[in-house]
Amino acid sequence: MRKTSNRLADGREIIYYDLRAAADKGARTAVDERPLPSTGAHSEIRHDPLLDEWVGITAHRNARTYHPPADECPLCPSREGRLSEIPEPDYDVAVFENRFPSFRGAPGKEESGCDREAAGLFGHAPGAGRCEVVSFTSDHNASFADLTEEQARLVLDVWTDRTADLSQEPGVEQVYCFENRGEEIGVTLSHPHGQIYGYPFTTPRTDRMLRSLAAYGSGPGGDNLFDDLVAAELAAGERVVIDGEHWTAFVPYAAHWPYEVHLYPKSRVPDLLALGEEARAEFPGIYLELLRRFDRLFGAGEPRTPYIAAWHQAPFVRDQRTGRAPREEFALHLELFTIRRAPGKLKFLAGSESGMNVFINDVPPETAAERLREVATP
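These numbers come from a predicted model, not from an experiment. (Residues numbered from 1 in each chain as written. Predicted model: local features only at pLDDT ≥ 70, side-chain atom pairs only at ≥ 80, totals over all residues. Heavy atoms only, no water.)

S.K.: So what exactly am I meant to see when it comes to the overall build of the chain here?
M.R.: Within the chain, the regular secondary structure consists of 7 helices and 16 strands. Every one of the 378 residues in the chain was classed for burial, and the buried ones make up 50%. The contacts in the chain between residues at least 6 apart in sequence include a share of 69% that link residues at least 24 apart. Accessible surface, the chain as shown: approximately 18,100 Å² in total, 51% of it carbon and sulfur. (Helix = DSSP H or I, 4+ residues; strand = E, 2+ residues; numbered from the N terminus. Buried < 20%, exposed > 50% of the residue type's maximum accessible area, 1.4 Å probe, protein only. Contact = heavy atoms within 4.5 Å. Areas by Shrake-Rupley, 256 points an atom, 1.4 Å probe, with all protein chains shown as cover.)

S.K.: Even after reading the chapter, I still don't get the nonpolar core, so can you show me in this structure?
M.R.: What tends to happen in soluble globular proteins is that the nonpolar side chains get buried as a cluster. Phe-144, Trp-159, Leu-263, Tyr-287 and Trp-311 are the most contacted members of the largest nonpolar core, which totals 54 residues. By residue number, the principal contributor to this core is helix H5 (residues 277–296), which donates 8 residues. Each residue touching Trp-159, except ones within four places of it in the same chain, is listed here: Phe-136, Phe-144, Cys-177, Ile-196, Leu-272, Phe-283, Tyr-287 and Trp-311. By size, the runner-up hydrophobic cluster in this structure holds 12 residues, among which are Ile-14, Ile-86, Tyr-91 and Val-133. (Core = buried A, V, L, I, M, F, W, Y, C linked by side-chain atoms within 4.5 Å.)

S.K.: I'm lost on the packing of helix H3 (residues 204–217) against helix H4 (residues 225–236) in this one. Help?
M.R.: A pair of packed helices can be characterised by two numbers: the angle between their axes and the separation between those axes. Taken N-terminus to C-terminus, the directions of H3 and H4 make an angle of 90°; their axes are 9 Å apart at the nearest point. By the angle class used here, H3 and H4 are roughly perpendicular. Contact residues: Met-209, Ser-212, Leu-213 and Tyr-216 in H3; Leu-225, Phe-226 and Asp-228 in H4. Across the contact of H3 with H4, the residue classes tally to 5 nonpolar, 1 polar and 1 charged. (Axes fitted to C-alpha atoms, helices over the stretch in contact; angles between N-to-C directions. Parallel < 35°, antiparallel > 145°, perpendicular 65-115°, else oblique. Nonpolar A, V, L, I, M, F, W, Y, C, P; charged D, E, K, R; others polar.)

S.K.: Sorry if this is basic, but what is going on with H3 here?
M.R.: Residues lying three or four places apart along an α-helix face the same way, a consequence of the helix completing one turn every 3.6 residues. The end-to-end C-alpha distance of H3 is 20 Å, a good match for the 20 Å that 14 residues give at a rise of 1.5 Å each. Among the residues of H3, those classed as buried are Thr-206, Asp-207, Met-209, Leu-210 and Leu-213. Along H3, the residues classed as buried sweep out an arc of 160° about the axis, all on the same side. Away from the buried face of H3 by more than 90 degrees, exposed residues Arg-208 and Ala-215 are located. Against strand E8 (174–181), H4, strand E13 (307–312) and strand E14 (333–338) lie the buried residues of H3. (Expected span 1.5 Å × (residues − 1). Arc of directions from axis to C-beta.)

S.K.: Would you mind showing me how to read the sheet that holds strand E4 (residues 53–57) here?
M.R.: Sheet strands pair via backbone hydrogen bonds, and the direction of the pair is either parallel or antiparallel. Spatial strand order, E4-E3-E6: 3 strands in an open sheet with antiparallel pairing. Looking at which strands have only one partner, the edges of the open sheet turn out to be E4 and strand E6 (124–126). Each adjacent strand pair in this sheet contributes to an overall mean axis angle of 30°, direction not counted. (Pairing = 2+ DSSP bridges.)

S.K.: What exactly am I supposed to notice about a nonpolar patch on the surface here?
M.R.: Judged by side-chain polarity, Met-356, Val-358 and Ile-360 come together as a nonpolar surface patch covering roughly 310 Å² of accessible area. Mapped onto the elements, Met-356 comes out in helix H6 (residues 351–356). Note on Met-356: relative accessible area 67%, which makes it exposed. (Patch = residues over 30% accessible without salt bridge, like charges linked within 9 Å, V, L, I, M, F, W, Y side chains within 5 Å. Salt bridge = Lys/Arg side-chain N within 4 Å of Asp/Glu carboxyl O.)

These values are about where atoms sit, not about what they do.
Given below as structure tokens:
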């Protein structure tokens, strides 16, 4: 893999990742000729005292690009007469700072946190951090499932490299790599891409996992909740979708979504940085197979299945409640799920889910797992 960094017209960083076989493409020196003003995005985080959660306030994101026509796609390579976010005429994988970021910048000396005594219940802080766009391929009409295993491995290496870099950014506590696919999910660009967030806090979902992990490990056996959960799913077997040498994929016993798969490396590691080479080598084949099965779930007459693919990694901070560094006990895993529950039907987050965060799943996890096994590649 070859990594090359450059700057866009407004000062944002863009990074190209090329396969070794593509090293003859030459230096990545194309200049962004667009007349862009300097980025002035400002975000703030506000604390919800009832839920003990942080909320991002980002007025500038209301003006972000929304469903442009294919010939104006900002993720396609630039060409004469049509300049995009990517100045090069071709690329393998491109990563750049989001023009409309949810989090941006460093905390600053006087703004590294909120002064609870002065602010009372209205705690707030700058939305420090970084948000990046990851364009998986220059092919506008492709999808991640269309990538070769070599291309998918490159994306895995990109996720890992960006996790390493963003974890060193001032104010970043957690790095989140994810992909949204499909208009039903809310995607505003059809080009195959994902995003990476460097959050200025540990996310509520991860915080809940850490609490459960700590409570479980404090028992008489002191066991690891992630290890025991994966072992229990393998022992039960009925919800296992793919069982590889270094990865296992299963529909969780209490799945929230109609079709939801959790993918774990069999050797527990806290994040992508710690993932061993054998697991890295096996990942592309297993992950591409999962994505292709998702596309076959609802029949050939249906459009490609909308989904969210989310990497869960350990935060890069010490747990303030226990003083323990939870990284060693956390388990890296990927969660893949769709909001489509049947052909032509979506799962909406209505009153129970949105109002009370209580999910009601219409598809039994065992049924979902059986269906995902049925649509395996012939």
